[in-house]
Amino acid sequence: MSAPTPDELVNWAGNHRYSAGRYLRATSVEEAQQAVAGSDHVRLLGTRHSFNDLSDTEGTLLDLAGVLPDPELELDEDGAGGSVRVSSGTPYRVVAAFLQERGYALANLGSLPHISVGGACATGTHGSGAGNQVLGAGVRRLELIDPAGELRTIARGEPDFEGSVVALGALGAVTRLDLDVEPTYLVRQDLYDHLRWSEAVEQVTELLGSAYSVSVFGRWNDTDPTEVLVKHRVEVDEVPLGWTGGVAPMAADAAFRLLPGEDHLTLRGEPGPWAERLPHFRGDRQPSFGDEIQTEWFVDADDAVPALRAVTELAASLGGELEALLAVTEIRAIRADDLWLSPAQGRETVALHFTWKRDPMAVLAMALRIEDALASYAARPHWGKVHGAVDPDLYPRLPDFRDLLARTDPAGKFTNAHVRQALGLGD
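Quantities reported herein were computed from a predicted structural model and do not represent experimental measurements.

Draft legend 1. Local environment of the packing of helix 6 (residues 304-317) against helix 8 (residues 360-373). At a minimum axis distance of 9 Å, the contact between helix 6 and helix 8 shows a crossing angle of 135°. Taken together, the axes of helix 6 and helix 8 lie oblique to each other. The two elements helix 6 and helix 8 meet at a crossing, and its hand is right-handed. For the pair helix 6 and helix 8, contact is made by Ala310, Val311 and Leu314 and by Arg369, Ile370 and Ala373, respectively.

Draft legend 2. Inspection of the pairing of strand 7 (residues 139-145) at higher detail. Where burial is concerned, most of strand 7 is hidden: 6 out of the 7 residues are buried. Sheet analysis places strand 7 next to strand 9 (residues 173-183), joined by 6 bridges and oriented antiparallel. Looking at strand 9, one finds that Ile145 is bridged to Ala173. Note that strand 7 and strand 8 (residues 151-155) share 5 bridges and pair antiparallel. Across the sheet, the residue bridging to Glu143 is Thr153, located in strand 8. Turn length for the strand 7-strand 8 hairpin, with the two strands adjacent in sequence and antiparallel, is 5 residues, and the turn residue Gly149 shows positive phi of about 90°.

Draft legend 3. Summary view of the sheet that holds strand 17 (residues 380-381). The strand order across the open sheet formed by 8 strands is 13-10-12-11-15-16-14-17, and the pairing between neighbours is antiparallel. Since the sheet does not close on itself, it has two edges, and those belong to strand 13 (272-273) and strand 17, each with one partner. Most of the contacts of helix 6 go to strand 16 (residues 349-357), to which it runs at about 20°, and overall it touches strand 14 (292-300), strand 15 (326-334) and strand 16.

Draft legend 4. Quick peek at empty space enclosed by the protein. This structure, assessed with the given rule, holds 4 cavities of 30 Å³ or more. Together, 13 residues line the second largest cavity, and Ser164, Ala167, Leu171, Gly172 and Val174 are the ones closest to its centre. At the level of secondary structure, the elements contributing two or more residues to the lining of the second largest cavity comprise strand 7 and strand 8. In terms of residue class, the lining of the second largest cavity is made up of 9 nonpolar, 3 polar and 1 charged.

Draft legend 5. Just helix 2 (residues 92-101), in detail. For helix 2, the set of buried residues is Tyr92, Val95, Ala96, Phe98 and Leu99. Angular distribution of buried residues about the axis of helix 2 spans 165°; they occupy a single face of the element.

Draft legend 6. Structural detail: the pattern of salt bridges. Scanning all chains against the criterion turns up 26 salt bridges. A salt bridge links Arg233 to Glu182, with the shortest nitrogen-to-oxygen separation between them at 2.7 Å. Of this pair, Arg233 sits in strand 12 (residues 227-233) while Glu182 sits in strand 9; the two residues are 51 residues apart in sequence, bridging distant segments of the chain. A relative accessible area of 14% places Arg233 in the buried class. Arg196 serves as the salt-bridge partner of Glu199, at 3.9 Å between the closest nitrogen and oxygen. Each of Glu296, Glu330, Arg332 and Lys385 takes part in one network of salt bridges that share partners.

Draft legend 7. Quick look at the side chain of Thr123. Along the chain, the position of Thr123 falls in the loop between helix 3 (117-122) and strand 7. What makes Thr123 buried here is its relative accessible area of 9%. Those residues in contact with Thr123 that lie beyond four places of it in its chain are Leu54, Val166, Leu168, His382 and Trp383.

Draft legend 8. Geometry of the sheet that holds strand 3 (residues 60-63). Taken together, the 3 strands give an open sheet; going across it, the order is 1-3-2, and neighbouring strands pair in parallel fashion. Of all strands in the sheet, those with a lone pairing partner are strand 1 (22-25) and strand 2 (42-45), marking the two edges. Each strand of the sheet is rotated relative to its neighbour by a mean of 25°, with strand direction disregarded. In this sheet, strand 3 lies alongside strand 2 in parallel orientation, the contact comprising 4 bridges. Following the sheet pairing, Val42 is matched in strand 3 by Thr60.

Each value, and the rule that gives it
Residues numbered from 1 in each chain as written. Predicted model: local features only at pLDDT ≥ 70, side-chain atom pairs only at ≥ 80, totals over all residues. Heavy atoms only, no water. Axes fitted to C-alpha atoms, helices over the stretch in contact; angles between N-to-C directions. Helix = DSSP H or I, 4+ residues; strand = E, 2+ residues; numbered from the N terminus. Parallel < 35°, antiparallel > 145°, perpendicular 65-115°, else oblique. Left-handed = near helix turned anticlockwise from the far one by under 90°. Contact = heavy atoms within 4.5 Å. Buried < 20%, exposed > 50% of the residue type's maximum accessible area, 1.4 Å probe, protein only. Pairing = 2+ DSSP bridges. 1 Å grid on protein atoms, 1.4 Å probe; cavity = no way out; pocket = protein on both sides within 12 Å on 5 of 7 lines; lining within 4 Å. Points joined across faces, edges and corners; volume = space filled by probe spheres on them. Nonpolar A, V, L, I, M, F, W, Y, C, P; charged D, E, K, R; others polar. Arc of directions from axis to C-beta. Salt bridge = Lys/Arg side-chain N within 4 Å of Asp/Glu carboxyl O.

Below is the structure:
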């Protein structure tokens, strides 16, 4: 067993210190299997990018980042597409570089390529694009350790597969995943800053659907800048953007006012490989703001405008209190999927993301206010970010997931208090 260090027991943002009784950074699948079989409670630790205690446990905190089979990445080619097999602890930046070198690509990436594949898929993490689903929708096969310490697999098309991808780590310790791949492609990203926040809100559906990937950045008022980051898939969707009114994008080297620190952002202007343009942040730099906490809620795309109006009105009513705590908001679209616990399950979705200054109590209080403002819009929280109590009625397939959990892990070895509350399982 590895001796834990203070750094290993703190999440990426530094706002949660893990309380596990035992920490193990496994170096092989066999070692991980033994740890699972010999523990009453187990939770998996990835790149520690969750902002709450979703991954914590009173039992064994199992880190699989060091479990790298030989070869670490395996490409299965079949002409127009294929798949790549990856270890769950592998960061997306590693997968992206591997595929790009071989002429292949993933359909999408999150804004931070630093996060692990297993953790991102398990929590419904996503990128942007009205035609792009959550990252977990690209999974075709999972390999995981069950409560007895045995390896099992489940693949697309098999019963319960749609309940096993976005599963919050509750069904077992995922060791490897097979991801869909396609031929590589180029992406160009441009930034526009001519819209006010109120204008962006009223035409957000048009904005988010106007290119392969679009993000609207703002601070819930017309005083601060609003910036729209547009990522075109070259030779596929490079069409004029009607909402620009003919306004040219900002110069490629112009400062991005809402994401400071140009050296950690991916390049604008010139087309480049998907792996180097779809993320907002470079994989070889410290991403985002650093000392931050994140929250995010997902609403039906048909409710996006009134939901955005509701939070805008809340911000105005607080007299600058929200903006004083906020670093930036990002609005993105996500295509509907069939994964039972996905934030986009069964509906075209718009995500309202908030990056806050690192003040845990103030952020939680503000999150509860925002949830109140969104109460009429069936807003689903991001599983790995700060939120209040989860309404189980927001997930139509949750009863099916509970049944799956009862069949695969009746003793709840892979759950914790956070998961049990979120899934309405009681104590």
